[in-house]
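# Geometric and topological summary
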Amino acid sequence: MPTSDATPAVDDAPTSTEVAFLGLGAMGRPMAANLAARYPTRVWNRTTSVAEAHAAAHGSTAVADLAEVAGAQVVCSCLPTDVEVAAVAGALAPALAPGTVWVDHTSGNPAGARDIAELLAGHDVGYLDAPVSGGTDGAASGALTTMVGGDADDLATVRAVLDTVAARVVHVGDVGAGMAVKAVNNALLATSLWAAAEGLTALAAQGIAPTSALEVIASSSGRSFATETLFPDRVLDRSFPHTFALALLAKDVRLAGSVLAGGGVDGPVLHLVEQLTSAAAVELEDADHVELVRMLERAVGVELSSLQ
Ligand code: NDP
């Protein structure tokens, strides 16, 4: 039975457990840093210099050859999609010791997660899909939420490791369930971001200050993470920090489309958001996800700023 538990069990962690972390991107770097503070942690990254810099900064052990992560009892990954995880797992699986558990923090396709689990099971390696939410700030503070799909015994085995990177661990079902929940969550993020951008630019074009509108919305029923955090902290001050690529958000909304199909739901709202987000990712190459707001601003001819 899936369970939810926000109580950290970090104090019970057997810190002799050897951990490996694959993929030191915006999320992987801080997550692996928190693990390295508690466990012997080997880090691998496609671009090896990133792993070497991580080792120098955080006391992890950089490995250039993927096979050198074998020997770790827990292998964590945080790559762009399940496609990259499948490639890495295919190369690494024969070297892993039976009983190893692979914890995949990538936001990927549920069907892809099931394929990876089957591949690893052939080597007696467990697999949990454990995508995360909370962004780079949550990763840095070890306060992510992780939604876990897979075997409850495997989750119990790696629970202390997960508690090192996450403040909330929710077992949502079998392998693939974590990926499915993550895709729907991020589709909701994209929906609220687009909707808030439309509403706020329309108000600004009619002379209503976004700060005033957001003050009202913050204590009203239309509030969301976008209106509470993303607009005040990233749009109105024009900082638009690069923390989560728009292309990755577009990927997540596409994945939500396949979750809808799997559930027999037509989903016209999320399909429209999928089209808008995919088109924006093509138009705004290499942009952060919040920068889709700029497209609305340009179309309407206003800039949402705290100075208005
Ligand atoms: P980044 O783009 O910052 O990092 C991607 C990582 O994957 C890098 O380490 C990169 O290595 C590696 N990589 C890319 N292609 C390959 C490949 N073909 N083979 C092996 N390694 C590869 O991504 P994020 O850290 O932002 O995101 C990682 C995952 O986490 C994604 O699934 C994303 O959707 C999810 N996520 C992201 C959040 C965020 O706020 N950023 C929040 C929650 C989830 P290299 O250094 O060589 O390029």
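Residues numbered from 1 in each chain as written. Predicted model: local features only at pLDDT ≥ 70, side-chain atom pairs only at ≥ 80, totals over all residues. Heavy atoms only, no water.

### Topic: the layout of surface pockets
Note the cut-off: Only protein atoms enter the calculation, which uses a 1 Å grid: trapped sets of points that fit a 1.4 Å probe without letting it out are cavities, open sets showing protein on both sides within 12 Å along at least five of seven lines are pockets, and any residue with an atom within 4 Å of a point is a lining residue. Grid points are joined across faces, edges and corners, and a volume is the space filled by probe spheres set on the points. Where helices and strands are cited, they refer to DSSP runs of H or I of at least four residues and of E of at least two residues respectively, numbered from the N terminus. Throughout, the ten residues Ala, Val, Leu, Ile, Met, Phe, Trp, Tyr, Cys and Pro are labelled nonpolar, Asp, Glu, Lys and Arg are labelled charged, and all others, Gly among them, are labelled polar. Where each domain begins and ends follows an automated or database-derived domain assignment.
Size it by volume and the largest pocket reaches roughly 1,200 Å³. The wall of the largest pocket is formed by 46 residues, among which Ala-26, Met-27, Thr-243, Phe-244 and Leu-248 lie closest to the centre. Only α3 (82-92), β8 (132-133), α5 (135-141), α7 (177-205), α9 (225-235) and α10 (246-262) provide two or more residues apiece to the lining of the largest pocket. Among the residues forming the lining of the largest pocket, the class breakdown is 18 nonpolar, 18 polar and 10 charged. Counting the residues that make up the lining of the largest pocket, at least three belong to each of domain 1 (4-174) and domain 2 (181-300).

### Section: the site of the ligand
Where we set the bar: Proximity is defined per residue: any heavy atom of the residue falling within 4 Å of a molecule or strand makes that residue near it. In protein, a polar contact means a hydrogen-donor-capable atom and an acceptor-capable atom, both N or O and within 3.5 Å, with residues adjacent in sequence counting only if both atoms are side-chain atoms; elsewhere, any N or O pair within 3.5 Å suffices. Residue-level accessible areas treat just the shown protein chains as cover; the underlying method is Shrake-Rupley with a 1.4 Å probe. Think of it this way: if more than half of a molecule's atoms are within 2 Å of a pocket's grid points, that molecule is in the pocket or cavity.
Around the ligand, 24 residues are found, and the nearest of them are Ala-26, Asn-45, Thr-47, Pro-80 and Thr-243. With respect to the ligand, the side chain of Asn-45 contributes an N or O atom lying 2.6 Å from an oxygen atom. Interatomic distance of 2.7 Å between a backbone N/O atom of Thr-243 and a nitrogen atom of the ligand. With the chains in place, 82% of the 910 Å² that the ligand exposes on its own is no longer accessible. Of the pockets mapped on this structure, the ligand occupies the largest pocket. Sorting the residues of the shell around the ligand by element identifies α5 and α10 as the ones contributing at least two each. Across the shell around the ligand, the residue classes tally to 10 nonpolar, 9 polar and 5 charged. Counting contributing residues per domain, the shell around the ligand is built from domain 1 (4-174) and domain 2 (181-300), each supplying no fewer than three.

### Section: the nonpolar core
Here is a general trend for soluble globular proteins: nonpolar side chains tend to be buried in one another's company. This is how it is decided: Take the buried residues of types Ala, Val, Leu, Ile, Met, Phe, Trp, Tyr and Cys, join any two whose side-chain atoms come within 4.5 Å, and each joined set is a nonpolar core. Burial here depends on accessible area, computed with a 1.4 Å probe over protein chains only, as a share of the maximum for the residue type. Under 20% is buried, over 50% is exposed, and the range in between is partly exposed. Contacts are assigned to residue pairs that have any heavy atoms within 4.5 Å of one another.
Residues Phe-231, Val-293 and Leu-304 are the most contacted members of the largest nonpolar core, which totals 38 residues. When residues of this core are traced back to their parent elements, those giving at least two are α7, α8 (210-218), α9, α10, α11 (268-283) and α12 (292-300). Looking at which element gives the most residues to this core, the answer is α7, with 10 residues. Among all residues touching Phe-231, those that are not within four sequence positions of it are Leu-193, Ala-196, Ala-197, Leu-200, Leu-214, Ala-226, Leu-236, Val-293 and Leu-304. Core analysis: the second largest hydrophobic core is formed by 29 residues, Leu-24, Met-27, Leu-155 and Val-169 among them.

### Overview of the pairing of strand β5 (residues 74-77)
Cut-off, in case you're wondering: A strand pair is defined by DSSP finding two or more bridges across the two strands. Consider the strands pointing away from the viewer: the crossover is right-handed when the path from the first strand over the helix to the second runs clockwise.
The alternating pattern of β5 places Val-74 and Cys-76 and Val-75 and Ser-77 on opposite faces, both of which are buried. Bridge count for strand β2 (residues 19-22) against β5 is 4 bridges, and the pairing is parallel. Paired with Leu-22 across the strands is Ser-77, a residue of β5. Two strands pair when backbone bridges link them, and β5 and strand β6 (residues 101-104) are joined in this way by 4 bridges, in the parallel orientation. Paired with Cys-76 across the bridge in β6 is Val-103. Crossover connection from β5 via α3 to parallel β6: handedness right-handed.

### Here we look at the packing of aromatic side chains
Note the cut-off: Aromatic rings from Phe, Tyr and Trp, taking only the six-membered ring of Trp, are treated as a pair when their centres fall within 6.5 Å; an angle between ring planes under 30 degrees marks them as stacked, one over 60 as edge-to-face, and anything in between as tilted. The rule for a charge over a ring is simple: NZ of Lys or CZ of Arg within 6 Å of the ring centre, and within 35 degrees of the ring normal.
A full pass over the atoms with the stated rule returns 0 aromatic pairs. We note Arg-294 situated over the ring of Phe-240; from NZ or CZ to the ring centre the distance is 3.9 Å.

### Considering the confidence of the model for the protein chain
Here is the rule: As a per-residue measure, pLDDT tells how confident the predictor is, with possible values from 0 to 100.
Put simply, the protein chain has an average pLDDT of 95, and 95% of its residues get 70 or more. Predicted confidence for residues 6-11 stays below pLDDT 50, and this span has 11 contacts to residues more than four positions away or in other chains.

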